[in-house]
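For reference, the chains in residue letters:
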Amino acid sequence: MNDFNYATKKITDEITASLTNVNSDDVDKLLIEINNAEKVFFVGVGRVLLSLQAIAKRLAHIGIKTYVVGEITEPAITDKDLLIVGSGSGETKFPLIIAEKAKQYNARVAHIGANPDSSMSQYSDLFIRIPVSSKVDTPGEVHSEQPMKSLFEQSLLLLGDTLALMMVNNKNIELESLWEYHANLE
């Protein structure tokens, strides 16, 4: 097997192992939280933020009002809203500060991460575990040969696409109708 084939097989095997070990009941609960929220906010840093931005965009295509914390058009969060935090370790300072602030406004907080016993747990109403290696070793982790935390970021992105597909199926949305929400200034 050449290097390319080895690497792609390794990555897809790792992602499959990661996503098949996410608790589907927790994903269903997250879907309920998203559907019940007036607005859904996202916070993370680095490549996790990039994955969250892609998720926010995809959910916007389905008609969900989404905002990424720090964007110039970000409105106020309220008790009718949901903050989705992406942090593998659950110890990254900026998302912790934002989650604490969201709770001050009685918003719901969902944490998607790898460490169920993190500092983020004190602010989270819901935890969705992507069981991959993080900065803290926890039982049941899928270990990765990829650099740094690539497996978490990849799994997070695909979890977002999974949520979008679940929403499309649950709401019987015709895929062609989603184009009305797609950017058209391109």
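Below: a short report on this structure. (Residues numbered from 1 in each chain as written. Predicted model: local features only at pLDDT ≥ 70, side-chain atom pairs only at ≥ 80, totals over all residues. Heavy atoms only, no water.)

## Thoughts on empty space enclosed by the protein
Empty pockets left among the atoms are what a rolling probe the size of a water molecule brings to light.
(1) Moving on: What the rule picks out here adds up to one cavity of 30 Å³ or more.
(2) Moving on: Approximately 40 Å³ is the volume found for the largest cavity.
(3) Moving on: Contributing to the lining of the largest cavity are L30, F42, I55, L59, I84, I112, L156, L159, G160 and L163.
(4) Moving on: Elements supplying a minimum of two residues to the lining of the largest cavity: helix 3 (46-61) and helix 5 (150-170).
(5) Moving on: Tallying contributions element by element places helix 5 first for the lining of the largest cavity, with four residues. (1 Å grid on protein atoms, 1.4 Å probe; cavity = no way out; pocket = protein on both sides within 12 Å on 5 of 7 lines; lining within 4 Å. Points joined across faces, edges and corners; volume = space filled by probe spheres on them. Helix = DSSP H or I, 4+ residues; strand = E, 2+ residues; numbered from the N terminus.)

## Quick notes on the side chain of K39
(1) Moving on: Relative to the assigned elements, K39 resides in the loop between helix 2 (24-36) and strand 1 (40-43).
(2) Moving on: Residue contacts for K39: discarding those within four places in its chain leaves K65, Y67, P75, A76, T78, K80, D81 and L82. (Contact = heavy atoms within 4.5 Å.)

## Some words on the packing of helix 2 against helix 5
(1) Moving on: Two numbers describe how helix 2 lies on helix 5: the axes approach to 11 Å, and their chain directions differ by 70 degrees. Comparing the axis directions of helix 2 and helix 5 gives the class roughly perpendicular. In the crossing of helix 2 with helix 5, the sense of the turn from one axis to the other is right-handed. Listed contacts from helix 5 to V27, D28, L30, L31, I34 and N35 of helix 2 are L159, L163, M166, M167 and N170.
(2) Moving on: The class makeup of the residues in the contact of helix 2 with helix 5 is eight nonpolar, two polar and one charged. (Axes fitted to C-alpha atoms, helices over the stretch in contact; angles between N-to-C directions. Parallel < 35°, antiparallel > 145°, perpendicular 65-115°, else oblique. Left-handed = near helix turned anticlockwise from the far one by under 90°. Nonpolar A, V, L, I, M, F, W, Y, C, P; charged D, E, K, R; others polar.)

## Side note on the environment of I98
(1) Moving on: Among the secondary structure elements, I98 is positioned in helix 4 (residues 93-104).
(2) Moving on: Sequence separation between I98 and V85 is 13 residues; the distance between their C-alpha atoms is 8.8 Å.
(3) Moving on: Beyond its immediate chain neighbours, meaning those up to four positions away, I98 contacts V43, V69 and L83.

## Observations concerning the sheet that holds strand 2 (residues 66-68)
(1) Moving on: Ordered in space as 2-1-3-4-5, the five strands form an open sheet in which the pairing is parallel. Edge positions in the sheet fall to strand 2 and strand 5 (126-129), since each has one partner strand and no second. Taking each pair of neighbouring strands and ignoring which way they run, the sheet shows an average axis angle of 20 degrees.
(2) Moving on: Sheet topology places strand 4 (residues 108-113) next to strand 5; four bridges connect them, and they run parallel. Considered in strand 5, the bridge of A110 is made with L126.
(3) Moving on: Strands in contact with helix 3 are strand 1, strand 2 and strand 3 (82-86); relative to strand 2, the strand with the most contacts, it is inclined by about 160 degrees.
(4) Moving on: On top of the sheet, helix 4 reaches strand 1, strand 3 and strand 4; it is set at about 165 degrees to strand 3, its chief contact. (Pairing = 2+ DSSP bridges.)

## Structural notes on the packing of helix 1 (residues 3-19) against helix 5
(1) Moving on: It is the contact of helix 1 with helix 5, at a shortest axis distance of 10 Å, that shows an interaxial angle of 60 degrees. In this structure, the crossing between helix 1 and helix 5 has a hand that is right-handed. Residues I11, E14, I15, S18 and L19 of helix 1 form the contact with helix 5, whose own contacting residues are L151, Q154, S155, L158 and L159.

## A look at the environment of S118
(1) Moving on: Mapped onto the elements, S118 comes out in the loop between strand 4 and strand 5.
(2) Moving on: A C-alpha to C-alpha distance of 9.8 Å links S118 and S87, two positions 31 residues apart in sequence.
(3) Moving on: For S118, the contacting residues outside a window of four places in its chain are S89, G90, E91 and H111.

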